[in-house]
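# Survey of secondary and tertiary structure
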Amino acid sequence: MSSKRLRSDPESRVGGKRQLKHQELAELNPLLLEVKERVSEAWSRGLEYSHEKGLLVDIQPFTHCVISNFIQSQTFLEGLQNELLQLNFHEKSNDLYKFKQSDDLRKKKGYHISSLRKVLFEDFRTWLSDILGVKLESTVDLSCAKYEYTDVLLCHDDELEGRRIAFILYLVPEWGAGDGGTLDLYDSDEHDQPQQIAKSLTPSWNTLIFFEVSPVSHHQVSEILSEEKCRLSVSGWFHGPSLARPPRYIESLSSRNPHIASDEEILYDWINPIYLDVSTQVRIQDEFEEKSEILLKNFFKNEKFELVCEALRSPEIKWKRRGPANKRCYDQAEEDGLPDILAKCMGLFCSEALFLLLSNFTGLKLHFLASSDNNDEEDEQEDELEESDGHEHACSSTEKGNKSDSTEDDQRKKGDNIGPNKVEMPGESPQNPSVPVCRGELRHWKNGYYTLIHDTNVENSEFALDLLLCCGCEDWNDEFGGITSYIAKGEDEELLTLCPEDNSLALIYRDKETLKFVKHINQRSISQCKKTHEKKGFWDFSFVYYE
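Residues numbered from 1 in each chain as written. Predicted model: local features only at pLDDT ≥ 70, side-chain atom pairs only at ≥ 80, totals over all residues. Heavy atoms only, no water.

### Thoughts on the environment of Leu183
Of note, Leu183 is situated in strand β9 (residues 183-188). For the pair Leu183 and Pro203, spaced 20 residues apart in sequence, the C-alpha separation works out to 7.5 Å. Discounting residues that sit within four places of it in the chain, Leu183 has contacts with Ile168, Tyr170, Lys199, Ser200, Leu201, Ile209, His219 and Gln220. (Helix = DSSP H or I, 4+ residues; strand = E, 2+ residues; numbered from the N terminus. Contact = heavy atoms within 4.5 Å.)

### Digging into the packing of aromatic side chains
Within the structure shown, the criterion is met by 22 aromatic pairs. With 5.2 Å between their ring centres and 90 degrees between their planes, Trp476 and Phe480 make a pair best called edge-to-face. Taken together through their ring pairs, the aromatic side chains of Trp270, Tyr275, Phe299, Phe300, Phe349, Phe355, Phe541, Phe543 and Tyr545 make up a single cluster. Here Lys229 stacks its cationic end above the ring of Trp175, 5.9 Å away from the centre of that ring. Across from the ring centre of Tyr330, 5.4 Å away, lies the NZ or CZ of Arg443, which sits over that ring. (Phe/Tyr/Trp six-rings, centres within 6.5 Å; stacked < 30°, edge-to-face > 60°. Lys NZ or Arg CZ within 6 Å of the ring centre and 35° of its normal.)

### Overview of unusual backbone geometry
Along the chain, Gln60 connects to Pro61 via a cis peptide bond; the corresponding omega equals -5 degrees. Relative to the elements of secondary structure, Pro61 occurs in the loop between β2 (55-58) and β3 (64-67). Here Gly323 and Pro324 are connected by a cis peptide whose omega angle stands at 0 degrees. Tracing the sequence through the fold places Pro324 in the loop between β15 (319-322) and β16 (328-333). With phi around 75 degrees, Thr150 is a residue other than glycine that occupies positive phi space. With respect to the secondary-structure elements, Thr150 resides in the loop between β6 (140-147) and β7 (152-156).

### Quick notes on the pattern of salt bridges
One pass over the full model with this rule turns up 24 salt bridges. Connected through shared salt-bridge partners, Glu91, Lys100 and Glu148 make up one network. (Salt bridge = Lys/Arg side-chain N within 4 Å of Asp/Glu carboxyl O.)

### Considering a nonpolar patch on the surface
On the surface, a nonpolar cluster with roughly 240 Å² of combined accessible area is contributed by Ile250, Leu253 and Val458. By the element assignment, Leu253 lies in the loop between β13 (231-239) and α6 (265-270). (Patch = residues over 30% accessible without salt bridge, like charges linked within 9 Å, V, L, I, M, F, W, Y side chains within 5 Å. Areas by Shrake-Rupley, 256 points an atom, 1.4 Å probe, with all protein chains shown as cover.)

### As for a negative patch on the surface
Taken together, the side chains of Glu491, Asp492, Glu493 and Glu494 make up a negatively charged region of the molecular surface. With respect to the helices and strands, the residue Glu494 is situated in strand β21 (residues 494-498). (Lys, Arg positive; Asp, Glu negative; His and termini not counted. Charge placed at Lys NZ, Arg CZ, Asp CG, Glu CD.)

### What to know about the side chain of Asp151
Within the secondary structure layout, Asp151 lies in the loop between β6 and β7. By relative accessible area, Asp151 is classed as buried at 2%. Here the side chain of Asp151 touches Lys98 through a polar contact of 2.6 Å, side chain to side chain. The contact partners of Asp151, leaving out residues within four places of it in the chain, are Lys98, Phe99, Lys100, Lys146, Ser222, Glu223 and Ile224. (Buried < 20%, exposed > 50% of the residue type's maximum accessible area, 1.4 Å probe, protein only. Polar contact = N/O pair within 3.5 Å; in protein donor to acceptor, adjacent residues only side chain to side chain.)

### Quick look at the nonpolar core
In this structure, Leu55, Ile67, Phe70, Leu84, Leu120, Phe124 and Phe210 are the most contacted members of the largest nonpolar core, which totals 47 residues. At 10 residues, helix α5 (residues 111-132) tops the list of elements feeding residues into this core. Excluding its chain neighbours within four sequence positions, the residues that come into contact with Phe70 are Glu27, Leu28, Asn29, Leu32, Leu120, Phe124, Leu169, Asn206 and Leu208. Judged by nonpolar contacts, the second largest core, of 46 residues, contains Leu296, Cys309, Ala311 and Cys350. (Core = buried A, V, L, I, M, F, W, Y, C linked by side-chain atoms within 4.5 Å.)

### Observations concerning the pairing of β7
Across the five residues that make up β7, a large majority, five, are buried. As paired strands, strand β5 (residues 97-102) and β7 are joined by two bridges and run antiparallel to one another. Looking at the pairing, Lys98 lines up with Val152 of β7. Bridge count between β7 and strand β12 (residues 219-221): two bridges; the pairing is antiparallel. Counted as the bridge partner of Leu153 is Val221 from β12. (Pairing = 2+ DSSP bridges.)

Structure, rendered in structure tokens:
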């Protein structure tokens, strides 16, 4: 009798295992087949459609579909969730996003992952092809993403050659809008640029959302606000013929202006005297020429800096939101109506005296009196020409004036003078590339603000000197975001990072292959602001100078 039990027990266990697998098969919600024709009609005609059992086709702000109870078996989904959480996740962080991502799920052999892959790549792909009337390729991108506290994916359109349908399947606990992590959909302007969030979709267990990748499919994953919950999802793209895309919109260049006439007294009024010292300027230039960047702490006189910080809190300042969201999000001060001290501060950064001081700091030709590394070479070439002509070069009065300026340049480079006393600029237009120019703005940064690297941002693709001076960022921590990062084009590794620091002047020289962005400011920054009972973030004066 015991031998019979030994023979029968394994069979019953095997049978039980088979029965379990049968119950755990990944099968699509049968509703998809029931409503297939109506969904196809709505999609092709750009109409809304909804079904009481949990399927919605919406056309605003762009066509998308929400399917509840996407997979039938809850037991299967629980097994899938456990299997996914056992994967190795890699921290992903750059200008656009911060979250954890698994390896490509096409290569994973776990039972639940393999079953999901099969139903997505076969049954669901066939259903989608019929809905769209487009043949989707067998190649499907598939990975698992894990978003936790302060993680985010900022505004983008998903466009990449070959991508046709984007999809997300959520495996989250009970989730509310207050937990963050919503899928935000943007409407677009006449240039296909995102304007504002038109709809937010809150993640829910076993819900799949899909939409066509297009010039207007701008969306984001809002910052995770819950410190306890994990936003787990499986997402990817079905490939097929891309939708037609108009040429990408190129923003016009912001205005650039030559310096404002001034004398050196403005420097003595504002700037820490140590930076007006001859020997200090020489040391700064030596360091800058070696590293192409420098941070000058306590740059303004203390009393001036305190006045600036006080004025920045004034309700009289008019702030406007800078976008579009796929490139930037921060507040810019309108210069008309600025408190007097802030207007003077903006004037300082545009002043002739500061242009020349920056030349002394950096060795760049930011003023016609600033010395140039090419002066000696030009003089040698002139001497050679004089000798070859066999006669003495005759200088006009203008040329003599230029030689006199060159002598003064050499003296100024050595630090014998800070700046000219009301030196007038030659009558050259701002369009003339030989005239140094600048552009600048006063910016306000707080939770949710950022800038992104974008392939149509021509402002970032020139040789330039960046100037940054921050205010109101006492005790700022780099974990809050708001960091200005520099990277080489096509690379992810950061070349330089600047954490906001009160009254410190940052100077960075970048070439055409160096890009910059300001990291998204996250929820952690709010706790810092609570110390002062105001959610203020910080401010900065941001200027760019061109030789």
